[in-house]
Amino acid sequence: MLNIDLHSHSSFSDGTLPPELVVARAADRGCKVLALTDHDVLLGLEAGRKAAHEHGIHFINGVEVSVSWDGLTIHVVGLNVDPENAELQAGLALVRSGRMRRAELMAADLLRVGIADTLPGALAFAGNKDMVSRTHFARFLVESGRVKDMKTAFKKFLVKGKPGYVSHQWAPRSEE
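Residues numbered from 1 in each chain as written. Predicted model: local features only at pLDDT ≥ 70, side-chain atom pairs only at ≥ 80, totals over all residues. Heavy atoms only, no water.

A.B. asks: Where do I start with the nonpolar core in this structure?
C.D. replies: Burial of nonpolar side chains together is a common tendency in soluble globular proteins. L119, V132, F137, L141, F157 and L158 are the most contacted members of the largest nonpolar core, which has 18 residues in total. Apart from residues lying up to four places away in sequence, F137 is in contact with A103, M106, A107, L110, T118, L119, A122, V132 and L158. Membership of the second largest hydrophobic core comes to 17 residues, among which are L34, V63, V67 and L92. (Core = buried A, V, L, I, M, F, W, Y, C linked by side-chain atoms within 4.5 Å. Buried < 20%, exposed > 50% of the residue type's maximum accessible area, 1.4 Å probe, protein only. Contact = heavy atoms within 4.5 Å.)

A.B. asks: Explanation requested: helix α4 (residues 99–112) in the structure shown.
C.D. replies: In an α-helix, one full turn covers 3.6 residues, which means residues spaced three or four apart are oriented alike. Along its 14 residues, α4 runs 20 Å from first to last C-alpha, staying within 8% of the 20 Å computed at 1.5 Å per residue. Within the sequence span of α4, burial applies to R99, R102, A103, M106, A107, D109 and L110. Here the buried residues of α4 occupy an arc of 160° about the axis, which is enough to place them on one side. Along α4, exposed side chains directed more than 90 degrees from the buried face belong to L111 and R112. Lining the buried residues of α4 we find β3 (58–69), α3 (86–96), α5 (118–125), α6 (134–143) and α7 (150–158). G114 sits one or two residues past α4 and shows a positive phi near 95°. (Helix = DSSP H or I, 4+ residues; strand = E, 2+ residues; numbered from the N terminus. Expected span 1.5 Å × (residues − 1). Arc of directions from axis to C-beta.)

Set out below in structure tokens:
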């Protein structure tokens, strides 16, 4: 059976490794086809493609787009995307535009329950500051000893109804 991964993230979104190391890890695990599908950003595709060529892996340009639809957030994985497409780039920039404001509100909410310095703490874990997310806040909460693991960070602080959760309106799903 062919070993394929069509959904991977690098440090350009909420992954922990740069694209070159994502590819190297995939190669070490016998992956033959890999798509890099960072959230709402295409910045890692060139480096990922180059590393995949060096490792003999078939590389697929991808992206995971956050979309609001009927009051829900859904994530759509796009494969074989054109990273040079101006319309795609503009759409992704729009999706990313609210992330820092959301992060500031999350930090303020966590400060209200006595947890200081969460924004700089989360940003320290974000390889791409424009892509700061709940995952980066969770990593900070674990690293600072406030919770034992990522699952607990989300459960205690970063889900709806908990301090630190701020809803976000992503790009609306088009009816076209």
